[in-house]
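# Chains, contacts and geometry: an overview
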Amino acid sequence: MNHQESLTAFIAAFVSELVLTGITDVIVSPGSRSTPMAMVMAEHPDLNVHIHVDERSAAFFGLGMAKAKNTPVAILCTSGTAAANYFPAIVEAKYSRVPLLVLTADRPHELREVGAPQAIDQLHLYGHQVKWFADMALPEKSKEMLRYARTICARAASIATQAPAGPVHLNFPFREPLIPKMDKNLFALSERPKGYVKVHNGDITISEEEFKGIAGELRGKEKGIIVCGNLDDEKFAKAVTELGAKLNYPILADPLSQLRSGSHPLENIIEAYDTFLRNEDAKSFLKPDVVLRFGAMPVSKALTIFLKENHGADQYVIDGGGGWRDPSVLSTNMIFCNETMFCEKLVSNLDTVISSVFLDDWKKVNQLTKEHMAVIRDVRELSEGKLFYQLADLLPEEATLFVGNSMPIRDLDSFFLNNDKSIKVMANRGANGIDGTVSTAIGAAVYSKPLYLVLGDLTFFHDLNGLIAAKLYDIDIHIILVNNNGGGIFSFLPQSEHPKHFELLFGTPLNLNFEHAVKMFNGKYSKISNWDELRTLLTQSHHEKGIHVYEIETNRDRNRDEHRELWRSVSQEISNLVNGAQE
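An account of the accompanying structure is given in this report. (Residues numbered from 1 in each chain as written. Predicted model: local features only at pLDDT ≥ 70, side-chain atom pairs only at ≥ 80, totals over all residues. Heavy atoms only, no water.)

## Thoughts on the packing of helix α3 (residues 55-69) against helix α17 (residues 437-445)
- For the pair α3 and α17, the least separation of the axes is 6 Å and the interaxial angle reads 45 degrees. Regarding the angle of α3 to α17, the classification is oblique. Judged by the sense of rotation from one axis to the other, the crossing of α3 with α17 is right-handed. In this structure, α3 uses Ser57, Phe60, Phe61, Leu63, Gly64, Met65, Lys67 and Ala68 to contact α17, whose residues at the interface are Ser439, Thr440, Ile442, Gly443 and Ala444.
- Per-class residue counts for the contact of α3 with α17 are 7 nonpolar, 5 polar and 1 charged. (Axes fitted to C-alpha atoms, helices over the stretch in contact; angles between N-to-C directions. Helix = DSSP H or I, 4+ residues; strand = E, 2+ residues; numbered from the N terminus. Parallel < 35°, antiparallel > 145°, perpendicular 65-115°, else oblique. Left-handed = near helix turned anticlockwise from the far one by under 90°. Contact = heavy atoms within 4.5 Å. Nonpolar A, V, L, I, M, F, W, Y, C, P; charged D, E, K, R; others polar.)

Have a look at this one:
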């Protein structure tokens, strides 16, 4: 049988099934060995092919798309180190539970481990960082092999979305010649044209008897809290706030829980805990007997320490992905159940109203903290804390806020307070690294509009080339660049107490003029000199197209001192409140 016909039929069957599984976007990085797959993909009328020349950035770009859509996105590259460059994004996809279909081209078996150019060992290249791996058979046109190609495709897409979602890797060995034979019947499927095999994924749950048992365990327990970390389920906010109201438990909402913004009830949402849980009096006063925890571990170190210190409490971890999110080894009950379903079922099994005294104590401390945090509004200098304090007011309705790691996500946790706008908050909190932040945000911006990215100067520099996707595909993105000329987070860590080599090893000032880089990608750059200017520019550019970068210069030392003084002053007021309530 003709090699070209076999190659084309095999790949066309795979790509046809890819579209039938619901995948509509693929990120292609140019290369020779991946030629047949790339050409066939470009020919399919229902597949959006995005070209990205840098594989590392391309993978994060696809990751961002998948995060925004909550459906798999495919990424395709050639053999060799091109595939190795996917690794950081694959790690992030695994730990942030984002569905990603990784397609790598490879040399055929006879050219492996014999010194052939651009050939590395790609078998299980990503190890345990992917949910499933398959080294594909060499292309054939027989009915059995076309069924094989379609089945593997459907299986891979299904595994990528199956809880917990994550990346899947398929490795395709291709022999030369690599040019497929295109014709008008390229995607004609004679067998099962609506999809070869449909995989039905269900939610993880527990039995009705177990729900009744948990409800019985919680009955009468007044001192309980609900902790919500990174969780992206649009139905969860309603379900968990109803559970909190039924139990009269405060809900400690991480900014990535999607609970601090929106139309759901906010009265029991506690958001200033990162500040007041630094106070020993508050921690003693608010000591829980029960903890219900949903989603990933929260950003706040103060909250993590508080949970550790209350290791005697009954701690329930509810995880719809069936993972083991318990780094502090605190859980007394590990419950593998869809989070929204758990809340709804538990509410229906709870028949008594628990006293609201403990909830009221949390709300009083939270309100007092917010009142005294409000002094940051009077700061005239450009300040990182004030930026995040007023972000909800600065952003338009239905905005998506993507936040960089290190200091920005921590300032978001501390200063981004409850609001009734529908602001979706995103970040790469799987592995918590700064790699690929710009690329991920731009990928998310394809389907989440308008999107605002807030990040530091090191994070921006680390992924500057990610801006090329926004330039090539006219993707609109607003970037607020907080430039404190180095690694601001290290000023808060023990390393800062050893000044001799601090700037060399940790401060790492870059002294870069980012205006030139922004203009290289046809972006619009603005240097912010005061708060009114930032507000005006954000308002004026809300409907403008393209890349917009607003640079805010801050001082690392002043930022550290501002945070510590705020924590100190708020802590004193909290102690006064708590001691007065206990007298």
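So much for the structure itself; the text now carries on.
## A word on the packing of aromatic side chains
- Summed over all chains, the structure comprises 12 aromatic pairs.
- Here phenylalanine 14 and phenylalanine 172 contribute two aromatic rings whose centre-to-centre distance is 5.0 Å and whose plane-to-plane angle is 80 degrees, an arrangement assigned as edge-to-face. A residue pair is termed long-range when its members are at least 10 positions apart, and phenylalanine 14 in helix α1 (residues 3-20) and phenylalanine 172 in strand β6 (residues 167-173) qualify at 158 residues. For the pair shown, phenylalanine 14 and phenylalanine 172 are each scored as buried.
- Centroid distance phenylalanine 306 to tryptophan 362: 6.0 Å. Interplanar angle 75 degrees. Geometry classified as edge-to-face. In this pair, phenylalanine 306 sits in helix α11 (residues 301-309) while tryptophan 362 sits in helix α13 (residues 357-373), placing the two residues 56 residues apart along the sequence. There is no split in this pair, since phenylalanine 306 and tryptophan 362 are both buried.
- Members of the aromatic cluster, each reached through a chain of ring pairs, are Phe211, Phe236, Phe294 and Phe342.
- Cation over ring: arginine 192 sits above tyrosine 196, and NZ or CZ is 4.1 Å from the ring centre. (Phe/Tyr/Trp six-rings, centres within 6.5 Å; stacked < 30°, edge-to-face > 60°. Buried < 20%, exposed > 50% of the residue type's maximum accessible area, 1.4 Å probe, protein only. Lys NZ or Arg CZ within 6 Å of the ring centre and 35° of its normal.)

## Here's the deal with helix α2 (residues 35-43)
- Taken together, the buried positions of α2 are Thr35, Pro36, Met37, Ala38, Val40 and Met41.
- Tucked inside the fold, the buried residues of α2 contact α1, β1 (25-28), β2 (48-51), β3 (73-77), β4 (100-106) and β6.

## Section: the side chain of threonine 554
- Tracing the chain through its elements places threonine 554 in the loop between β18 (547-553) and α23 (556-582).
- With a relative accessible area of 12%, threonine 554 lands in the buried category.
- Among the polar contacts listed, one links the side chain of threonine 554 to the side chain of glutamate 384, at a separation of 2.7 Å.
- Beyond its immediate sequence surroundings of up to four residues, threonine 554 is in contact with Leu382, Ser383, Glu384, Val482, Asn483 and Asn484. (Polar contact = N/O pair within 3.5 Å; in protein donor to acceptor, adjacent residues only side chain to side chain.)

## Some thoughts on the sheet that holds β3
- Ordered by their spatial adjacency, 6 strands build an open sheet running β2-β1-β3-β4-β6-β5, and the pairing between neighbours is parallel. At either end of the open sheet lies a strand with only one pairing partner, and these are β2 and β5 (132-135). Here the average twist between neighbouring strands, direction ignored, is 20 degrees.
- Pairing of β4 with β6, which is carried by 7 bridges, proceeds in the parallel orientation. (Pairing = 2+ DSSP bridges.)

## Some points on the state of the cysteines
- Evaluation of the coordinates by the stated rule reveals 0 disulfides.
- Just so you know, cysteine 228 is unpaired, no disulfide at all, and the nearest cysteine sulfur is the one on cysteine 343, 7.2 Å from it.
- Note on cysteine 228: relative accessible area 1%, which makes it buried.
- As a non-bridged cysteine, cysteine 337 has cysteine 343 as the owner of its nearest cysteine sulfur, 8.9 Å distant. (Disulfide = S-S within 2.5 Å.)

## Regarding the pattern of salt bridges
- Counting across every chain of the model gives 31 salt bridges.
- Here lysine 69 ties to aspartate 25 by a salt bridge, and the two come within 2.8 Å at their closest N and O atoms. Taken as a pair, lysine 69 in helix α3 and aspartate 25 in strand β1 lie far apart in primary sequence, 44 residues in all.
- Here aspartate 25 falls in the buried class, since its relative accessible area comes to 0%.
- The partner of glutamate 515 in a salt bridge is lysine 519, and the shortest N-O contact between them spans 2.9 Å. In this pair, glutamate 515 and lysine 519 are both assigned in helix α21 (residues 514-520), 4 residues apart and thus about one turn of the helix distant.
- For glutamate 515, a relative accessible area of 25% corresponds to the partly exposed category.
- Taken together, the shared-partner salt bridges in this structure form one network comprising Asp54, Arg56, Asp435 and Asp463. (Salt bridge = Lys/Arg side-chain N within 4 Å of Asp/Glu carboxyl O.)

## Structural notes on the environment of glycine 430
- Among the secondary structure elements, glycine 430 is positioned in the loop between β14 (424-426) and α17.
- In this structure the C-alpha to C-alpha distance between glycine 430 and arginine 97, which are 333 residues apart in sequence, comes to 7.6 Å.
- Once residues within four sequence positions are removed from consideration, glycine 430 is found in contact with Glu92, Tyr95 and Ser96.

## Observations concerning the sheet that holds strand β16 (residues 477-483)
- If you trace the 6 strands from one edge of the open sheet to the other, you get β14-β13-β15-β16-β18-β17, paired in parallel fashion. Across the chains shown, the open sheet's two edge strands, defined by having one partner strand only, are β14 and β17 (524-527). Direction aside, the axes of adjacent strands within the sheet are offset by 20 degrees on average.
- One ladder, built from 5 bridges, connects strand β15 (residues 451-456) with β16; its direction is parallel. Across the sheet, tyrosine 452 pairs through a bridge with histidine 478, a residue of β16.
- Packed onto the sheet, α17 meets β13 (400-403), β14, β15 and β16 and runs at close to 175 degrees relative to β15.

Interpretation in functional terms is not warranted from these geometric data alone.
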